[in-house]
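Letter by letter, the chains look like this.
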Amino acid sequence: MRGNEVSVSQQVVLLAANGGIGDLVNGVAPDWGPFAELGDTARTVVQAIMAGVIVALLGRAALGAFHIKVGEGQHDVAQVSKGKKDVGGSLIGAFVVASLGTIFTLVYGLGI
């Protein structure tokens, strides 16, 4: 490397070290729009449910990746196909759940 160049991996590490966890979980910890009108307890319940669903979906994606790996090792096309469907569906579901705060806020804002 020349001079003061920083590799991408070093930049990611620096951003992770400098950022707080709040920046990372803002999507699953909505506190704006319709969620601002909820009480603290209700908001915490919503956040916990959203985080739990995301963890479950990511676990299912990992299980799907395992099915792909085992299916490829055994040359089992059906198991590979099942694994691909599990991974795809789980990651799409995790994205939708993480985006729910934004989606609800947009719909709420359009309704006002």
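Notes on the structure in this doc start here. Note that the coordinates shown come from a computational prediction; the quantities given were computed from them, not determined experimentally.

## With respect to a nonpolar patch on the surface
Logical step 1: Together, Val45, Ile49 and Val53 give the surface a local cluster of nonpolar side chains, amounting to about 240 Å² of exposed area.
Logical step 2: Locating isoleucine 49 in the fold gives a position in helix α3 (residues 40–74).
Logical step 3: On the accessibility criterion, isoleucine 49 (52% relative accessible area) is exposed.

## Observations regarding the nonpolar core
Logical step 1: In terms of nonpolar packing, the biggest core is built from five residues, these being Met50, Ile54, Leu57, Ala94 and Val97.
Logical step 2: Listed by contribution, the elements that provide at least two residues to this core are α3 and α4 (77–111).
Logical step 3: Broken down by element, the residue count for this core peaks at three residues, all from α3.

Conventions used here
- Residues numbered from 1 in each chain as written.
- Predicted model: local features only at pLDDT ≥ 70, side-chain atom pairs only at ≥ 80, totals over all residues.
- Heavy atoms only, no water.
- Patch = residues over 30% accessible without salt bridge, like charges linked within 9 Å, V, L, I, M, F, W, Y side chains within 5 Å.
- Areas by Shrake-Rupley, 256 points an atom, 1.4 Å probe, with all protein chains shown as cover.
- Salt bridge = Lys/Arg side-chain N within 4 Å of Asp/Glu carboxyl O.
- Helix = DSSP H or I, 4+ residues; strand = E, 2+ residues; numbered from the N terminus.
- Buried < 20%, exposed > 50% of the residue type's maximum accessible area, 1.4 Å probe, protein only.
- Core = buried A, V, L, I, M, F, W, Y, C linked by side-chain atoms within 4.5 Å.

All we've got here are geometric facts, nothing functional implied.
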